[in-house]
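Remarks on the overall topology
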Amino acid sequence: MEILCFLGLSGIATGLSWIFYFKALETGDVSKVAPIDKLSVAIAIGLAILILKEPVDLKTILGALMIVGGTIVIIW
């Protein structure tokens, strides 16, 4: 039962994410909206390290920093 609750919440969150993404594309520049969307990968890495205590290596940290840096460069 618990797993169904989490699956349902995940589906709702995913649906809302897509709705907000397309609304942002409708109202903003694609060149600024898309990089911010890709920033979710770096956020997921950070949360996995902080919350799930996943092991970290230099490659992962450098990759996340490059994603963040590239996002900043593009939206600036």
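All values reported here derive from a predicted model rather than from experimental measurement. (Residues numbered from 1 in each chain as written. Predicted model: local features only at pLDDT ≥ 70, side-chain atom pairs only at ≥ 80, totals over all residues. Heavy atoms only, no water.)

**Structural notes on the side chain of Thr71**
Put simply, the rule reads: Strands here mean DSSP runs of E at least two residues long; helices mean DSSP runs of H or I at least four residues long; both are numbered from the N terminus. Only protein chains enter the calculation, and the probe is 1.4 Å; a residue is then buried if its accessible area is under 20% of its type maximum, exposed if over 50%, and partly exposed in between. Whether two residues touch is decided by their heavy atoms; if any such pair falls within 4.5 Å, the residues are in contact.
Along the chain, Thr71 turns up in helix α3 (residues 58-75). Of the residues examined, Thr71 reaches a relative accessible area of 6% and is grouped as buried. Setting aside chain neighbours within four positions, we find Thr71 in contact with Pro35, Ile36 and Leu39.

**Some thoughts on a nonpolar patch on the surface**
Here is the rule: Patch rule: a residue counts if its relative accessible area is over 30% and it has no salt bridge; like charges are joined within 9 Å, and nonpolar side chains (Val, Leu, Ile, Met, Phe, Trp, Tyr) within 5 Å. Accessible surface area values rest on a Shrake-Rupley calculation with a 1.4 Å probe, where residue burial reflects the displayed protein chains alone. By salt bridge we mean one thing: a side-chain nitrogen of Lys or Arg within 4 Å of a carboxyl oxygen of Asp or Glu.
A grouping of Phe6, Leu9, Ile12, Leu16, Ile19 and Phe20 is seen on the molecular surface, where their side chains present a nonpolar patch of about 640 Å² in accessible area. In this structure Leu16 comes out as partly exposed when scored by relative accessible area, which is 40%.

**A look at the packing of aromatic side chains**
The condition that has to hold: Note on aromatic contacts: the rings of Phe and Tyr and the six-membered ring of Trp form a pair at centre separations within 6.5 Å, being stacked when their planes are under 30 degrees apart, edge-to-face when over 60 apart, and tilted otherwise.
One pass over the structure, following the stated rule, counts three aromatic pairs. The interplanar angle of 90° and the centroid separation of 5.9 Å between the aromatic rings of Trp18 and Tyr21 together place this pair among those described as edge-to-face. Here Trp18 pairs with Tyr21, and both are found in helix α1 (residues 2-27), just three residues apart, close to one helical turn. For Trp18, a relative accessible area of 48% corresponds to the partly exposed category. Considering the side-chain rings of Tyr21 and Phe22, the 5.7 Å spacing of their centres and the 65° angle between planes classify their relative orientation as edge-to-face.

**A look at the pattern of salt bridges**
Enumeration according to the criterion identifies two salt bridges in this entry. With a shortest N-O distance of 3.6 Å, Lys38 and Asp37 are connected by a salt bridge. On the basis of relative accessibility, which here comes to 51%, the residue Lys38 falls in the exposed class. Overall, Asp37 belongs to the partly exposed group, its relative accessible area being 28%.

**Structural notes on the confidence of the model for the protein chain**
Keep this limit in mind: What pLDDT expresses is the predictor's confidence in each residue, scored from 0 to 100.
Averaged over all residues, the pLDDT of the protein chain equals 91, while 100% of them reach at least 70. Predicted confidence in the protein chain is weakest over helix α2 (residues 30-50), with a mean pLDDT of 90, and strongest over α1, with 93.

**Thoughts on the packing of α1 against α2**
To be explicit about the condition: Interaxial angles span 0 to 180 degrees and are taken between N-to-C directions of axes, which are lines fitted to C-alpha atoms, for helices over the stretch in contact. Convention used here: angles under 35 degrees read as roughly parallel, angles over 145 as roughly antiparallel, angles from 65 to 115 as roughly perpendicular, and any remaining angle as oblique. Each crossing gets its hand from how the near helix is turned against the far one by less than a right angle, where anticlockwise is left-handed and clockwise is right-handed.
Two numbers describe how α1 lies on α2: the axes approach to 8 Å, and their chain directions differ by 155°. Between α1 and α2, the crossing angle belongs to the class labelled roughly antiparallel. As α1 packs across α2, the resulting crossing turns out to be right-handed. Where α1 abuts α2, its residues Tyr21, Ala24 and Leu25 lie against Val30, Val33, Ala34 and Asp37.

**Overview of the environment of Tyr21**
C-alpha separation for the pair Tyr21 and Ile36, spaced 15 residues apart in sequence, amounts to 9.8 Å. When neighbours within four sequence positions are excluded, Tyr21 is seen to be in contact with Val33, Ala34 and Asp37.

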